[in-house]
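# Tertiary structure, described
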There are 2 protein chains.
Amino acid sequence: MAKRSEADALMQRIAEEYEALPRQLQCVARYLEEHRSSIMVQRVGEIAEGCGVHASAVVRFAQRFGYSGFSEMQAVFRDAWAAQASPSRSYQQRIRSVIKGRTDGVSAVEIASRFIDASRAGLDELAAEIDEARFQKAVDMLAGAENIYVMGVRRSFAIATYIAYALQHTQKRVHLVNGLGGMFREQLRSIGKGDALIAISFPPFGKETLYAMRVAQQHKAGVLAITESDLGPLARHSDVLLKVKEGSAFAFRGLTSTMCLCQALFVALAYKLELTVEETIPRGEYDD
Amino acid sequence: MAKRSEADALMQRIAEEYEALPRQLQCVARYLEEHRSSIMVQRVGEIAEGCGVHASAVVRFAQRFGYSGFSEMQAVFRDAWAAQASPSRSYQQRIRSVIKGRTDGVSAVEIASRFIDASRAGLDELAAEIDEARFQKAVDMLAGAENIYVMGVRRSFAIATYIAYALQHTQKRVHLVNGLGGMFREQLRSIGKGDALIAISFPPFGKETLYAMRVAQQHKAGVLAITESDLGPLARHSDVLLKVKEGSAFAFRGLTSTMCLCQALFVALAYKLELTVEETIPRGEYDD
DNA sequence: CACGGGATGGAACGTTTTTTCCATTTATTT
DNA sequence: AAATAAATGGAAAAAACGTTCCATCCCGTG
């Protein structure tokens, strides 16, 4: 586990040689230790000023530790930061490689393992990057809605289905806009003020979902979009937008993070509505 | 509430104008959104390369949003980072978020975080305990089936929906047994030898699903069960049984592990069938 | 099909930043 | 106290970088 980044190694060397260093270089050393996390952003001049030293002193410092100059040393810190700031930033690429990778002779389980692994990374990212304010706003919107419409087509339909199912355990009236019989429009007809639409869509965005969002806005209903990014067509037509970055390769898109987010959304909503979870799933004749 | 950093404001402006932007600038916009946290460290050239665009396009982008050039825009991101990174990051933020959500005990995001954590644990378990032989057998069974029936009710219906959707991208005939019009039996009527049924069910087990499995077995179709344990009623009526233990938080059953397993299953199947993933989702008029 | 406007990429330009060089100062040793 | 070695700061050289300009290309329009 203890990955010794080059930056760590460098800092240690600095500590060891510190006492043998000339006065100014000691200043630089102290400065580096204290501002270790911001060195990557700073210019030589800033650092020099920061420790009351001439710029060339900083360069000499770097050279004393075996680098060609300040820039090269700075790169070490940049890399270290990049490594720890995005431990799972490879998620997108990992899932891509799972799907794309045609390395022959791989067993089914191996593929599955890699896929699961990538999905785990996806959840890590979800946990790390969830937007508190927006999530809260989403929960509040749903809590305040009288009717909740849920819409997602094709890839996103399974998610919509789940949300609709879960919401049935609240007191809300829930409408899954499923387009059965081609009746998207008709199913949306009666959405109105005080209602909410949950729209799930990822590129390439389904036009039916976009249509639903426009209708919802025209009818003054609140719109919660679950999608990939703030850019893209959903942003304009939504009141709250929750981001889920699913790794995707070509047209195959992960859905575990989305599923997880939606469940989290429901749990938070249930909590807010003060449903105990037992209540949310009443046992009856038709249990699954 | 939270101070709107200039970076936030900028990102919002970008989101608003996004659609009106030329192609390359849209690339830049997307890149900025995805790499928001590392822009401050990067050089124009790196960013340009990162979005497959000429450096000058990045500069034009910055100018379009009112900055004199890239440097000035970059400073915005640097400042935003410095502002929120200097007071020991996660610690102070956590305190703030706890206080903010104190209206009724725990904030929505906190609940969500815990739920996501539980889901992560679930995926860990899934990865650790996946049964190689069974998984392989499951893939083989599906690969060899002519017709694939998919069934899950209530909680499991969303999963069934997804599987059915995914399988539509193979050459198989796929039937989602959805019970529309109460026609479970009728939808299963023509299952037979050489076909496969994928049954997803968790306790309390839906009787419709159990019924479907019995029918499938009587008709000599292969049955793949996705459930919680080897015990329970599905074991008796299935040829292959894949286990998923869902971690649960708040006494609420997760579905992310199940979703992940099913996607992994599909990817492995697609691999075996030698579908390239491009083929799996031909682009047409009805894209999502 | 010709035209115009905008988008794009290459290269030159100008600026900033880093690095090197050297004169000067400071410390150390004899 | 003189001599020598090391450290320091200023300034110039060099490099990197960002920016601007312009020719070309592409697309939509008339």
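Structural notes, computed from the coordinates. Note that the structure is predicted; figures quoted are calculated from it, not measured. (Residues numbered from 1 in each chain as written. Chains lettered and ligands numbered in written order. Predicted model: local features only at pLDDT ≥ 70, side-chain atom pairs only at ≥ 80, totals over all residues.)

Looking now at the overall build of chain A. Across its full length, chain A holds 13 helices and 7 strands. Counting the 288 residues in chain A, one finds 46% classified as buried. (Helix = DSSP H or I, 4+ residues; strand = E, 2+ residues; numbered from the N terminus. Buried ≥ 20, exposed ≤ 12 C-beta atoms within 10 Å, placed from the backbone.)

On to the interface of chain B and chain A. On the side of chain A, 63 residues touch chain B, which itself brings 66 residues to the contact. For the side of chain B that touches chain A, the elements supplying multiple residues, two or more each, are α1 (6-17), α2 (23-34), α7 (108-129), α8 (132-144), α9 (157-167), α12 (256-272) and α13 (277-280) of chain B. For the side of chain B that touches chain A, the element with the most residues is α7(B), which contributes 14 residues. The residue makeup of the side of chain B that touches chain A, split by class, is 37 nonpolar, 15 polar and 14 charged. (Contact = placed C-beta atoms within 7 Å. Nonpolar A, V, L, I, M, F, W, Y, C, P; charged D, E, K, R; others polar.)

What follows deals with the protein's contact with DNA strand D. Neighbouring DNA strand D are 19 residues, the closest being Gln24(A), Val44(B), Ser56(B), Gly69(B) and Phe70(B). Of all the elements in the fold, those that place two or more residues in the surface near DNA strand D are α2 (23-34) and α4 (55-64) of chain A together with α3 (44-50), α4 (55-64) and α5 (70-85) of chain B. Taken together, the residues of the surface near DNA strand D sort by class into 8 nonpolar, 8 polar and 3 charged. (Near = placed C-beta within 6 Å.)

The next thing to look at is the sheet that holds strand β3 (residues 196-200) of chain A. Residues and elements named next belong to chain A. Overall, parallel pairing links the 5 strands, which are arranged β2-β1-β3-β4-β5 in an open sheet. Every other strand in the sheet has two partners, leaving β2 (173-177) and β5 (240-243) as the edge strands with one partner each. Within this sheet the neighbouring strands show an average axis-to-axis angle of 15 degrees, counted without direction. (Pairing = 2+ DSSP bridges. Axes fitted to C-alpha atoms, helices over the stretch in contact; angles between N-to-C directions.)

With that settled, consider α4(B). All names here are of chain B. Looking at α4, one finds that the buried residues are Val58, Phe61 and Ala62. The buried side chains of α4 occupy one side of the element, clustering within an arc of 95 degrees when seen end-on. After α4 finishes, the residue Gly66 shows a positive phi value of roughly 95 degrees. (Arc of directions from axis to C-beta.)

The residue after Pro203(A), namely Pro204(A), is reached through a cis peptide bond having omega -5 degrees. Here Pro204(A) is to be found in the loop between β3 and α11 (207-218). Phi is positive for Arg154(A), close to 50 degrees, though the residue is something other than glycine. Residue position: Arg154(A) is located in the loop between β1 (147-152) and α9 (157-167). Despite not being glycine, Lys220(B) shows a phi value in the positive range, around 70 degrees. Within the fold, Lys220(B) resides in the loop between α11 (207-218) and β4 (222-227). Using a count of 11 C-beta atoms within 10 Å as the deciding quantity, one classes Lys220(B) as exposed.

On to the pairing of β3(A). All names here are of chain A. Taken across its 5 residues, β3 has 5 buried, putting it largely inside the fold. Burial along β3 is two-sided: Ala196, Ile198 and Ile200 and Leu197 and Ala199, pointing in opposite directions, are all buried. Pairing of β1 with β3 involves 5 bridges; the strand directions are parallel. Residue pairing across strands places Met151 opposite Ala199, the latter belonging to β3. Where β3 and strand β4 (residues 222-227) come together, 5 bridges link them in parallel fashion.

Our focus in this paragraph is the pairing of β1(A). Residue and element names in this part refer to chain A. Taken across its 6 residues, β1 has 5 buried, putting it largely inside the fold. Pairing analysis gives 5 bridges linking β1 to β2, with the strands arranged parallel. The residue bridging Tyr149 from the neighbouring strand is His175, located in β2. Where the polypeptide runs from β1 across α9 and back to β2, its parallel neighbour, the crossover connection is right-handed. (Right-handed = clockwise from strand over helix to strand, strands pointing away.)

This brings us to the environment of Thr256(B). Residue position: Thr256(B) is located in helix α12. C-alpha of Thr256(B) to C-alpha of Leu123(B): the two residues are 133 residues apart in sequence and 7.8 Å apart in space. For Thr256(B), the contacting residues outside a window of four places in its chain are Thr256(A), Met259(A), Cys260(A), Gln263(A), Ser119(B), Gly122(B) and Leu123(B).

This next bit is on the sheet that holds strand β3 (residues 196-200) of chain B. All names here are of chain B. As summarised here, the arrangement of the 5 strands in space is β2-β1-β3-β4-β5, forming an open sheet in which the pairing is parallel. At either margin of the open sheet sits one strand with a lone partner, and together these are β2 (173-177) and β5 (240-243). Ignoring strand direction, the axes of neighbouring strands in this sheet form an average angle of 15 degrees. Contacts from α8 reach β1 (147-152), β3, β4 and β5, with the element oriented near 125 degrees to β5. Contacts from α9 reach β1, β2 and β3 within the one sheet, and its direction differs from that of β1 by about 160 degrees.

Attention now goes to the environment of Tyr67(B). Summarising the element assignment, Tyr67(B) is placed in the loop between α4 and α5. Not counting chain neighbours up to four residues away, the residues in contact with Tyr67(B) comprise Ala62(B), Glu72(B) and Met73(B).

Moving on, we get to the protein's contact with DNA strand C. Contacts to DNA strand C come from 19 residues, most closely from Val44(A), Ser56(A), Gly69(A), Phe70(A) and Gln24(B). Of all the secondary-structure elements, those providing two or more residues to the surface near DNA strand C are α3 (44-50), α4 and α5 (70-85) of chain A together with α2 and α4 of chain B. Tallied by class, the residues present in the surface near DNA strand C amount to 8 nonpolar, 8 polar and 3 charged.

This paragraph deals with the nonpolar core. Counting 141 residues, the largest nonpolar core has Leu197(A) and Leu197(B) as the members making the most contacts within it. Leaving out residues up to four positions away in the same chain, Leu197(B) has contacts with Tyr149(B), Met151(B), Ile191(B), Ala212(B), Met213(B), Ala216(B), Ala221(B), Val223(B) and Leu224(B). Judged by nonpolar contacts, the second largest core, of 24 residues, contains Met11(B), Ile14(B), Ala29(B) and Met73(B). (Core = buried A, V, L, I, M, F, W, Y, C linked by C-beta atoms within 7 Å.)

Residue and element names in this part refer to chain A. As for its placement among the helices and strands, Leu224 is situated in strand β4. A residue is classified by how many C-beta atoms lie within 10 Å of it, and Leu224, with 26 of them, is buried. When the C-alpha positions of Leu224 and Gly182 are compared, they lie 23 Å apart, and in sequence the two are 42 residues distant. The contacts of Leu224, once residues within four sequence positions are left out, are Ala138, Met141, Ala196, Leu197, Ile198, Ser238 and Val240.

Just distances and angles here, no functional claims.
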